[in-house]
Amino acid sequence: MRLLIKNAQLVDDRGELGRADVLVEAGRIASLEGGEAEHVIDASGHFLLPAFFDLHTHLRVPGQEVKEDLSSGLRAAAAGGFAEVVAMPNTDPVIDRPEVIRALLGQARRVDGARLSVAAALSAGQEGRRLAELSRLKDAGAVLFTDDGHTNEDARLLAVGLRYAAALGVPVAVHAEDATLRADGVVHEGEVSERLGLPGNPAEAESARIARDLEIQRYGKGHLHIQHLSTYTGAKLVRQAKAKGQRVTAEVTPHHLTLTDEALFGLDPIFKVAPPLRERADVEALIAALEDGTVDVVATDHAPHTLDEKEADFLRAPFGIPNLEVAFPLLFTELVKKRGFPLGRLVEAMASAPRRLLGREAVRLEVGARADLVLVDPKRARPVTPEGFISKAKYSPWAGWELVGWPVLTLVDGRVAYEALG
Ligand SMILES: [Zn+2]
């Protein structure tokens, strides 16, 4: 079946490329100059982009399907314009065995949403005591190793893990937080935590751990990827390490780019996340770091929980924000439209950089490219309505925000994975 997307405004990591009639056939872009097709879409006034790729998604499978499952999670991803997501291994059981990866990949092929890739645990059981069987996990399909959800307290295990993973061509991703400095902190330590009387998690818990991990990378070699960067100092350390030529990459989440700890004044656990929402100066530093490439990737850290869990009292509620379905419109509205952030750079950070980070080819809007594509409407404003989310987590820190840039069509290998045209 051939699909013709007419009059679309093309944008990829090179920026705006002008208007074209894009013909999709057999999972590829067959032409940028139109052609015969069984299905024709008039995309006037819409942007056509490479579909996004999320390096950091919690799908909660296996074992926590009450929070999310493969069907809800992968369909929510497609609705957010994602062609592929990397599922985190802090599940129940932990994804630290090849059989679990193979089973997940098999199940995901039966879901009509985004494609699935799987991150495996760096240490057995994510317990930080001995390495998982990295090469067998890689053979089963693991694309990333991480103990995300936990901090890597054992520096030697991380150094050896980085070295082994490098031999397999796989990056190691770290939740860079010093557990002892974080202690029982539930919000960013600062004026807001003091006024609320809540235990604070200082910015130094992150920056101290990043400084250590950068030293470990220098010693152990390998590719260190820093997850959900949240602090001004953390960004500075990554910038310095990159300037020295260290093999380090970093990601930032939509929430750390758009919210500050002042959102916590209402004591609503929906804003409770790890690492915590920080101060305005941190948000500004992260936006600058994303623009100049210090931060390579926007990753969602989509972390669904049940509404019951999130409506518990603040200290007991779990950490995490679901955001697959709003990530792009949120950043398009708040960064590109309101602040003039370059759209090509946002597309690079959400579509090209994550693919390259895993050694894949970036999707460019050229003849022959894999048809992972998303069509977005840059004009029609719509509020965030979490009750309409496909994700099981039907709440959002951005509920009611009027956004533009909503995806209306997501193609995964040329197949329609999400459609909301007209
Ligand atoms: Zn994490």
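The structure presented is a predicted model; accordingly, all values stated were derived computationally and were not measured. (Residues numbered from 1 in each chain as written. Predicted model: local features only at pLDDT ≥ 70, side-chain atom pairs only at ≥ 80, totals over all residues. Heavy atoms only, no water.)

What to know about a negative patch on the surface
- Taken together, the side chains of Glu189, Glu191, Glu194, Glu204, Glu262 and Glu279 present a region of like negative charge at the surface.
- Residue placement: glutamate 189 occurs in the loop between strand S11 (187-188) and helix H6 (191-196).
- When its relative accessible area of 44% is taken as the criterion, glutamate 189 is described as partly exposed. (Patch = residues over 30% accessible without salt bridge, like charges linked within 9 Å, V, L, I, M, F, W, Y side chains within 5 Å. Areas by Shrake-Rupley, 256 points an atom, 1.4 Å probe, with all protein chains shown as cover. Salt bridge = Lys/Arg side-chain N within 4 Å of Asp/Glu carboxyl O. Lys, Arg positive; Asp, Glu negative; His and termini not counted. Charge placed at Lys NZ, Arg CZ, Asp CG, Glu CD. Helix = DSSP H or I, 4+ residues; strand = E, 2+ residues; numbered from the N terminus. Buried < 20%, exposed > 50% of the residue type's maximum accessible area, 1.4 Å probe, protein only.)

Things to note about the side chain of histidine 225
- Secondary-structure assignment places histidine 225 in strand S13 (residues 224-226).
- Classification of histidine 225 as buried rests on a relative accessible area of 1%.
- Side chain to side chain, histidine 225 and glutamate 251 meet in a polar contact 2.9 Å long.
- When near neighbours in sequence (up to four residues on either side) are disregarded, histidine 225 contacts Leu55, Val172, Ala173, Val174, Thr249, Ala250, Glu251 and Leu357. (Polar contact = N/O pair within 3.5 Å; in protein donor to acceptor, adjacent residues only side chain to side chain. Contact = heavy atoms within 4.5 Å.)

As for helix H10 (residues 280-292)
- Taking 1.5 Å of rise per residue, the 13 residues of H10 would be expected to cover 18 Å, and the 18 Å separating its terminal C-alpha atoms lies within 8% of that figure.
- Asp282, Val283, Ala285, Leu286, Ile287, Ala289 and Leu290 are the residues of H10 that are buried.
- Along its buried surface, H10 packs onto helix H8 (232-243), strand S14 (248-252), helix H9 (254-258), strand S15 (297-298), helix H12 (327-339) and helix H13 (343-357).
- Just downstream of H10, glycine 293 is the residue with a positive phi angle, here 90°. (Expected span 1.5 Å × (residues − 1).)

Section: the packing of aromatic side chains
- By the definition in use, this model includes 4 aromatic pairs.
- Seen in terms of ring centroids, phenylalanine 47 and phenylalanine 332 are 6.2 Å apart; in terms of plane orientation they differ by 75°. Their pairing is edge-to-face. Taken together, the positions of phenylalanine 47 in strand S5 (residues 47-50) and phenylalanine 332 in helix H12 put the pair 285 residues apart, joining distant regions of the chain.
- Aromatic side chains phenylalanine 328 and phenylalanine 332 sit 5.6 Å apart centroid to centroid with 25° between the ring planes, which places their arrangement in the stacked category. Of the two residues, phenylalanine 328 and phenylalanine 332 both sit in helix H12, 4 residues apart, roughly one turn of that helix. (Phe/Tyr/Trp six-rings, centres within 6.5 Å; stacked < 30°, edge-to-face > 60°.)

Let's talk about the domain arrangement of the protein
- Each assigned domain of the protein is listed with its residue range as follows: domain 1 (3-47 + 368-390 + 397-419) and domain 2 (51-357).
- For domain 1 and domain 2, the distance between their C-alpha centroids amounts to 26 Å.
- Across the boundary between the two partners, domain 1 contributes 32 residues, which contact 40 residues of domain 2.
- Between domain 1 and domain 2, a total of about 2800 Å² is buried, with carbon and sulfur atoms accounting for 68% of that surface.
- Run the count over domain 1 and domain 2 and you get 5 salt bridges.
- For the salt bridge of aspartate 112 with arginine 415, the shortest nitrogen-to-oxygen distance reads 3.7 Å.
- Counting across the domain 1 and domain 2 interface gives 11 residue pairs in polar contact (both at pLDDT 80 or more).
- For the side of domain 1 that touches domain 2, the elements supplying multiple residues, two or more each, are strand S1 (3-12), strand S2 (15-25), strand S16 (373-377), strand S18 (402-403), strand S19 (406-412) and strand S20 (415-419).
- Among the elements that make up the side of domain 1 that touches domain 2, the one with the highest residue count is S19 (5 residues).
- Residue composition of the side of domain 1 that touches domain 2, by class: 20 nonpolar, 4 polar and 8 charged. (Domains from an automatic or database assignment. Buried area = accessible area lost by both parts, 1.4 Å probe. Nonpolar A, V, L, I, M, F, W, Y, C, P; charged D, E, K, R; others polar.)

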